Amino acid sequence: MKFVDAHIHLSDEAYKECVDEIIAEARNSNVVALVSNSMDLETSIRSLRLAEQYPEMVHAALGVHPWSVNALTEEALKQTIALISEKRQGKELIAIGEIGLDHNYATIWDKQLAVFNEMLRLAEKLHLPVIIHSRGTTTHIVEMLPSYNLKRVLLHWFSSPVSALSKAVQNGYYISEGLPTVFSNGIRKVVKRIPLTSLLTETDGPVRFSRPPFDGKRTTPALIPSVVKAIAEIKKMDEADVAEQLVRNFEEFFSVKLNKME
Ligand SMILES: [Zn+2]
């Protein structure tokens, strides 16, 4: 079986000293690809560098996360957009992410909205997939997206509400779920409702989970097989078939051909 991690922050400080180790662990666990998401200009540059350093294994998603909007300067936004446009033709860059809106940062709502719209316009112009953070804002985002001509939308760590989930699936959006699939009844219910062909797996590392069986351990792509096992249980399907479909979904969503021979 082969596995994929569609959403990890490999460019995060927390991984700085141990990327080699994480990649080796991932390979040993049959993880064949991961998408290094970015938060701002600095992590976007680092994600690209990681994709160059580990070709085939690491793919880069560049963008401005809603949590980074507060500190974002006009100049940094311009440079991020220029970098994405410049790298569009390269094979390292495969998506714009992580972008979105976060309800917990309501005091900077207007700036969040302006930056998110800017990122969506760029994705439309460059025909790139988008990876979206939608904490407390999923309904709003799902209503907003159809005004853009976006072919590929990934709502990462979707939790609620169910009404937005049906609409998202109807619109052809993909949903990625991670380690909570193993222990959270709420997420298991969501996974049950998502057709397997619209699902992707993620870790969102370095986010740590205090619940068993993860107990605050470092989050790495090597944990993806446990997510696939949980999905197979929920869907009452054969694990190998589920793993194969999830790899196919990754290839289709990001338009990449993965090396599955390793
Ligand atoms: Zn994330």
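Each residue is numbered by its place in its chain's sequence as written, counting from 1. A pLDDT threshold of at least 70 governs which residues receive local features in this predicted model, and a stricter bar of 80 or more applies before side-chain atom pairs are shown or counted, although totals over entire chains, interfaces and linings include all residues. Each side-chain value is worked out from all heavy atoms of the structure, with water and hydrogens disregarded.

A. Structural context of the overall build of the chain. Secondary structure elements follow DSSP: runs of H or I no shorter than four residues count as helices, runs of E no shorter than two count as strands, and numbering proceeds from the N terminus. Helices and strands together make up the secondary structure of the chain, namely 10 helices and 8 strands. In terms of overall size, the chain behaves like a compact globule, its C-alpha atoms giving a radius of gyration of 17 Å where 262 residues would be expected to give roughly 18 Å. The principal-axis extents of the C-alpha atoms in the chain amount to approximately 50 × 40 × 35 Å. For the chain, buried positions account for 56% of its 262 residues. Within the chain, contacts between residues at least 6 apart in sequence are counted, and of these 72% link residues at least 24 apart. The size measure is the radius of gyration over C-alpha atoms, and the globule rule it meets is 2.2 Å times the number of residues to the 0.38 power. Whether a residue is buried, partly exposed or exposed follows from its accessible area with a 1.4 Å probe, protein chains only, as a fraction of its type maximum: under 20%, in between, or over 50%, in that order. Two residues qualify as a contact provided that any one of their heavy atoms is within 4.5 Å of a heavy atom in the partner residue.

B. Main features of unusual backbone geometry. The omega torsion across Gly205 and Pro206 is 10°, close enough to zero to call that bond cis. Note on placement: Pro206 falls in the loop between β8 (199–201) and α9 (224–235). The residue after Pro212, namely Pro213, is reached through a cis peptide bond having omega 5°. As for its position among the elements, Pro213 is in the loop between β8 and α9. With a phi angle near 75°, Glu56 is a residue other than glycine that sits in the positive phi range. Within the chain, Ser255 stands out as a residue other than glycine whose phi angle is a positive 50°.

C. Just the coordination of the zinc ion, in detail. Only N, O and S atoms count as donors, using a 2.8 Å limit from the metal and a wider 3.2 Å limit for Na, K and Ca, and since water is excluded some coordination spheres may look unfilled. Coordination of the zinc ion by the protein involves His7 (NE2), His9 (NE2), Glu98 (OE) and Asp204 (OD), with metal-donor separations of 2.1 to 2.3 Å. One way to put it: the 4 donor atoms around the zinc ion meet at angles of 84 to 172°, and that makes the site irregular. Every donor residue of the zinc ion comes from the same chain, spaced as H-x1-H-x88-E-x105-D. Of this pair, His7 sits in strand β1 (residues 3–8) while Glu98 sits in strand β4 (residues 93–100), placing them 91 residues apart in sequence. Just to be clear on the cut-offs, tetrahedral is four donors with all angles between 85 and 135 degrees, square planar is four donors and octahedral six with opposite donors over 155 degrees apart and all others between 65 and 115, and anything else goes down as irregular.

D. Fine view of the pairing of strand β5 (residues 130–133). Here β5 shows two buried faces, one formed by Val130 and Ile132 and the other by Ile131 and His133. When DSSP finds at least two bridges between two strands, those strands are taken to pair. Where β4 meets β5, 3 bridges bridge the pair, whose relative direction is parallel. Each bridged residue has a counterpart across the sheet, and for Ile96 the counterpart in β5 is Val130. The crossover handedness rule: strands pointing away from the viewer, path from first strand over the helix to second strand clockwise, crossover right-handed. With helix α4 (residues 109–126) bridging β4 and its parallel neighbour β5, the resulting β-α-β unit is right-handed. The pairing of β5 with strand β6 (residues 153–156) spans 3 bridges and is parallel.

E. Spatial organisation of the environment of Ser36. The topology assignment puts Ser36 in strand β2 (residues 31–36). A residue is classified by how much of its surface remains accessible, and Ser36, at 0% relative accessible area, is buried. In sequence terms Ser36 and Ala123 are 87 residues apart; their C-alpha atoms lie 17 Å from each other. The residues contacting Ser36, other than those within four sequence positions of it, are Ile8, Leu10, Ser11, Ser47, Leu50, Val58, His59, Ala60 and Ala61. Within 3.5 Å is the distance limit for a polar contact, defined as a pair of N or O atoms, with the added protein rule that one can donate a hydrogen and the other accept it, and that residues adjacent in sequence qualify only through two side-chain atoms. In terms of polar contacts, Ser36 uses its side chain to reach the side chain of Ser47, at 2.9 Å.

F. Structural detail: the nonpolar core. What we call a nonpolar core is a set of buried Ala, Val, Leu, Ile, Met, Phe, Trp, Tyr and Cys residues that are connected through their side-chain atoms within 4.5 Å. Residues Leu10, Val58, Ile96, Leu120, Val130, Ile132 and Leu155 are the most contacted members of the largest nonpolar core, which totals 75 residues. Examining the composition of this core, we find that 7 residues originate from one element, α4, more than from any other. Excluding anything up to four places from it in sequence, Val58 contacts Leu10, Ile23, Leu34, Ser36, Leu50 and Ala51. Membership of the second largest hydrophobic core comes to 18 residues, among which are Val32, Val35, Leu200 and Val247.

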